[in-house]
Amino acid sequence: MAVTEDRLALEAGEGAATLQTPRGLATVGTSLFVAGDAMVLFGLVAAYYAIRAQSFKWPPVGLGTYLPSMVAVTIVMTAVTVQWAVWAIRRNDQRTTLNALAFTIFLSVAVLNGQWYELAHLKFDVGAHGYGTFVYLLVGFHMANVIAGIIALVVVLGRTFGGEFNADDHESLTAAAIFWQFANVAGLVTFGVLFLHP
Amino acid sequence: MTSVDTAATTEATPEPQGYSAWLGGTDHKSVGTLCLVVAFVFLLTGGVLAAAMRTQLAQPDLAVLARKPYLQLLTFHGTFSFFLFLLPAWIGIAFAIVPLQIGAPRLAFARLAAFTAWLFVAAGAFLILSAFVHAGASANGWSMDNPLPIHGVGGRAVDVWILGVGLAAVATVLGSVNLLTTVLRMRAPGLTLARLPMFSWSVFVSAAVFLLAVPVLLAGLVVLYVDHHMGAHVLDPRRGGNPLVWQVLFAFFAYPAMWATVFPALGVVSEIVPVSARAALFQRKQVAFGLAGAGTLAFFGWGSELAGNKPIPQILFSVTAILILGPIALTMLSWLGTIALQRRAPRFHAPMVQSIGLLTCLGLALPALAVMYAMGQGGAGHQSQWWVGAWHQLLVGVSTFGIICALYYWAPKLWGRHLNAGVGGLHLLAIVGGVDLAFIPLLIVGAQGMHRRATTYGADSWGPANLISTIGAYLLAAGVALFVLNLVVSVVLRRGRLATDDPWEGDTLEWATSSPPPLHNFDSLPEVRSSRPVHDIRMAAAADAATAGEEPDTRELVEASA
């Protein structure tokens, strides 16, 4: 993308207006995509509550809250560390940015691992009952976002390592952080809906 | 003088030529063209299916199609016409036109746009494939709820259908993100949101509606898939589920999304009418707010599609479904006002003539919809042929007709060739006549209680109306086929009249570049000081041209102003 944008960073010369590389494409685009992504979550949660409202016994099986709580705490930690990376690059502190991103990726792999362990050790399958179906669907939705987020974070980590970002130009990093914060919101909503107040 | 020289920096890149340009390219004009090719393939396919269905219904007790194949065609007709015709057609036109209208060199995410187009191709491939899987195509209807495909009902075809529709939905979301970002971030200097051309504004509203409505379908598809394929029973009332979960998620998507295919058609006519009348759009700001209001209201009328609701939400849904017709009707009045308030008669060039056809269809669709929502579930309600007639008047007579108007208006710009205006008059009559003959009789038999999914009927009294409807459907199909033929001969075979840069004396920025535009769209951009920048230049130069005794063409003016 960088090459294309460089090519389009046009200057018309002395005295004329300059059509610059449009700024904010990645952040605006990501924010809009996140709005759509949030509507998928909204649809699933609405379906969950519709089924819950007509069930006599909910949840049909009790689930421990220990592991989900640990995952939720880790999610909150990644929310802080990814923001730390954004603040660091705003100060042009590339070394701290690298550390914060690496730490975020480490924690997000832990989140993924925790969610995976959770699904793998459930005593019911996706078709057992309504609650079970939504455990798989909502946790699965969060995991899909986490996987996409980890890929985005690894890419910006590589680009930070290559010295592509500085205080003035770090839009992709901000965009990845925006997406990651949405994945976190999805994770916390999932935690609240399924485990905290099922 | 503010202007931008965009030519120098793009000289190094060779422009891809011919078919490789739109097969492998990321230029927004060729990507948009690719979307349109997909759309027209499925428009013709969906039309042939509809003609077959209307043949079965031409007379009482016919046996052209048995019930199951009829319902299979019904499912394909709905799925093709919406997911693979209306969606890719409007996204394709928007991809091709919006950057030109806002003076941008490209879309915000060029490669994502190409990916979007190819997602539509893949979606089409999977949906066609679903006809050939074991046990045959799905017969559950385009809303997949008759019957609901839980526990393997409908067979493997439903799985493939879910995949195909899911891909088209993802393509729509990505296309919407792209278009919204383009409008928000890529506008030329001076082109504020208030000065945005009406077509770009209508695309902006539609893309916002798609962005918030279509993901809900994806959530529904996931639930449907686990119920159909993995033995879950979220939708099974006998095992603690509720079929309304799918129906609500689908309606929450379908109702706003159907309106979102209407708004760009209104946007196109709101471009053509002022250019034809040589004036600004009458009450432009009110029309713009009206479209945004309609986009908002589109999220509140979905529930009236569902049977068995409680009275209070049913009334609220009906009221909002009627309210949304208000801004649409005001847009029509604005077009009429734009023309009526001028001393000179409008120019009846080909796009304007097509727009008049659209206007007549819209004028019939609005009362039909109003009556349907006022009646609610009774009489001419949602389960009868009235529903089919009213929605088809809107989706064929406006959404589809708008695509035809758009291509008459912009084909000269995009491909450098005019469509044949004489043939245009011919298919205009066929299409307007076809829409009226095919869908007005459906209102009548619907009011008399013919079910919307009836595959045959015994009552002799429905015979004449259904026969007229079938004849109308053939006429409509012939008109659409003639239009596509016109497009192919004029543009693909390059038989159409060569276009000048500004054939209609347009007002907006796309007329300030060559026809077809270069890869980077603009060699130089005029200064934008109103919603009609090209008109401004023409006016400013009019005095000079008058003294010189000759009329310079628009692009010379643009370059002179630069």
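Residues numbered from 1 in each chain as written. Chains lettered and ligands numbered in written order. Predicted model: local features only at pLDDT ≥ 70, side-chain atom pairs only at ≥ 80, totals over all residues. Heavy atoms only, no water.

J.: So what exactly am I meant to see when it comes to the overall build of chain A here?
T.: The number of helices and strands found in chain A is 6 helices and 0 strands. Each helix (α) and strand (β) of chain A, taken in turn from the N terminus, gives the series α-α-α-α-α-α. Put simply, chain A has 198 residues, and 47% of those count as buried. Across chain A, contacts joining residues at least 24 apart in sequence account for 79% of those joining residues at least 6 apart. For chain A, the accessible area works out to roughly 9,300 Å², and carbon and sulfur atoms hold 65% of it. (Helix = DSSP H or I, 4+ residues; strand = E, 2+ residues; numbered from the N terminus. Buried < 20%, exposed > 50% of the residue type's maximum accessible area, 1.4 Å probe, protein only. Contact = heavy atoms within 4.5 Å. Areas by Shrake-Rupley, 256 points an atom, 1.4 Å probe, with all protein chains shown as cover.)

J.: Looking at this model, I keep getting lost on the domain arrangement of chain B. Mind explaining?
T.: In many reports, interface size means the accessible area that the parts give up when they come together. All names here are of chain B. Under the domain assignment, chain B is made up of domain 1 (22-209), domain 2 (262-497) and domain 3 (500-562). Each of domain 1 and domain 2 has a C-alpha centre, and these two points are 18 Å apart. Both faces considered, domain 1 and domain 2 share a buried interface measuring about 3,900 Å² in area, 69% of it formed by carbon and sulfur atoms. Taken as a group, Arg 54, Trp 90 and Met 198 account for 19% of the area that domain 1 buries against domain 2, more than any other trio of residues on that side. Summed over the shared surface of domain 1 and domain 2, the result is 1 salt bridge. Here Arg 453 ties to Asp 145 by a salt bridge, and the two come within 3.4 Å at their closest N and O atoms. At the junction of domain 1 and domain 2, the tally comes to 20 residue pairs in polar contact (both at pLDDT 80 or more). Elements with a minimum of two residues in the side of domain 1 that touches domain 2: α2 (28-56), α3 (67-101) and α6 (198-229). Element by element, the count of residues in the side of domain 1 that touches domain 2 is highest for α3, at 14 residues. (Domains from an automatic or database assignment. Buried area = accessible area lost by both parts, 1.4 Å probe. Salt bridge = Lys/Arg side-chain N within 4 Å of Asp/Glu carboxyl O. Polar contact = N/O pair within 3.5 Å; in protein donor to acceptor, adjacent residues only side chain to side chain.)

J.: Any chance you could explain the packing of aromatic side chains here in plain terms?
T.: To describe a pair of aromatic rings, you give the distance between the ring centres and the angle between the ring planes. All names here are of chain B. As enumerated under the stated definition, the model contains 35 aromatic pairs over all chains in all. These aromatic residues form a ring-pair network of at least three members: Phe 82, Phe 83, Trp 142, Trp 246, Phe 250 and Phe 253. The aromatic ring of Trp 387 is capped on one face by Arg 452, whose charged end is 3.9 Å from the ring centroid. (Phe/Tyr/Trp six-rings, centres within 6.5 Å; stacked < 30°, edge-to-face > 60°. Lys NZ or Arg CZ within 6 Å of the ring centre and 35° of its normal.)

J.: Even after reading the chapter, I still don't get the side chain of His 28 of chain B, so can you show me in this structure?
T.: Residue and element names in this part refer to chain B. With respect to the helices, strands and loops of the structure, His 28 is situated in helix α2. Here Ala 96 takes part through its backbone oxygen, which lies 3.3 Å from a polar atom of the side chain of His 28. Within polar-contact distance, the side chain of His 28 engages the side chain of Asn 521 at 2.9 Å. Ignoring sequence-local partners within four residues, the contact set of His 28 consists of Phe 95, Ala 96, Pro 99, Leu 100, Pro 105, Arg 106, Leu 107 and Asn 521.

J.: What's the story with the packing of helix α10 (residues 311-323) of chain B against helix α12 (residues 350-375) of chain B in this structure? I'm lost.
T.: Each pair of packed helices can be described by the angle between their axes along with the distance between the axes. Residue and element names in this part refer to chain B. Two elements in contact, α10 and α12, have axes whose closest approach is 8 Å; the angle formed by their N-to-C orientations is 170°. When the axis of α10 is compared with that of α12, the two are roughly antiparallel. Packed against α10, whose contacting residues are Ser 318, Ala 321 and Ile 322, the element α12 presents Ala 370, Tyr 373 and Ala 374 at the interface. Counted by class, the contact of α10 with α12 contains 5 nonpolar, 1 polar and no charged residues. (Axes fitted to C-alpha atoms, helices over the stretch in contact; angles between N-to-C directions. Parallel < 35°, antiparallel > 145°, perpendicular 65-115°, else oblique. Nonpolar A, V, L, I, M, F, W, Y, C, P; charged D, E, K, R; others polar.)

J.: How should the packing of α3 of chain B against α6 of chain B be read in this particular structure?
T.: Residue and element names in this part refer to chain B. Close contact between α3 and α6 brings their axes to 11 Å; oriented N to C, the two are set at 140°. The orientation of α3 with respect to α6, classified from their angle, is oblique. In the crossing of α3 with α6, the sense of the turn from one axis to the other is left-handed. Seen from α3, the contacting residues are Phe 83, Leu 87, Trp 90, Ile 93, Ala 94, Ile 97, Val 98 and Gln 101; seen from α6, they are Phe 199, Ser 200, Val 203, Phe 210 and Leu 217. Tallied by class, residues from the contact of α3 with α6 come to 11 nonpolar, 2 polar and no charged. (Left-handed = near helix turned anticlockwise from the far one by under 90°.)

J.: What's the story with the environment of Leu 419 of chain B in this structure? I'm lost.
T.: Relative to the helices and strands, Leu 419 of chain B is located in the loop between α13 (385-415) and α14 (421-447). Measuring from C-alpha to C-alpha, the distance between Leu 419 of chain B and Ala 499 of chain B comes to 9.8 Å, with 80 residues separating the pair along the chain.

J.: Looking at this structure, how should I read the side chain of Asn 140 of chain B?
T.: All names here are of chain B. Secondary-structure assignment places Asn 140 in the loop between α4 (110-129) and α5 (156-185). On the basis of relative accessible area, Asn 140 is assigned to the buried category, the value being 2%. Dropping the residues within four chain positions of it, Asn 140 is found in contact with Thr 75, Asp 145, Asn 146, Pro 147, Leu 148, Pro 149, Val 153, Gly 154, Val 158 and Arg 453.

J.: Is there a simple way to think about the nonpolar core in this case?
T.: Most often, soluble globular proteins have nonpolar side chains that are buried together. Core analysis: the largest hydrophobic core is formed by 225 residues, its most contacted members being Phe 83, Ile 93, Trp 259, Trp 335 and Trp 391 of chain B. If one sorts the elements of this core by residue count, α3 of chain B sits on top with 22 residues. Ignoring sequence-local partners within four residues, the contact set of Trp 259 of chain B consists of Ala 298, Ile 324, Leu 325, Ile 328, Leu 369, Trp 391 and Leu 394 of chain B. Grouped together as the second largest cluster of nonpolar side chains are 20 residues, Ile 75, Ala 100, Ile 105 and Val 111 of chain A included. (Core = buried A, V, L, I, M, F, W, Y, C linked by side-chain atoms within 4.5 Å.)

J.: What is the right way to read the environment of Gly 389 of chain B from this model?
T.: Position of Gly 389 of chain B relative to the elements: it lies in helix α13. Distance from Gly 389 of chain B to Leu 84 of chain B, taken between C-alpha atoms, is 21 Å for residues 305 residues apart in sequence.

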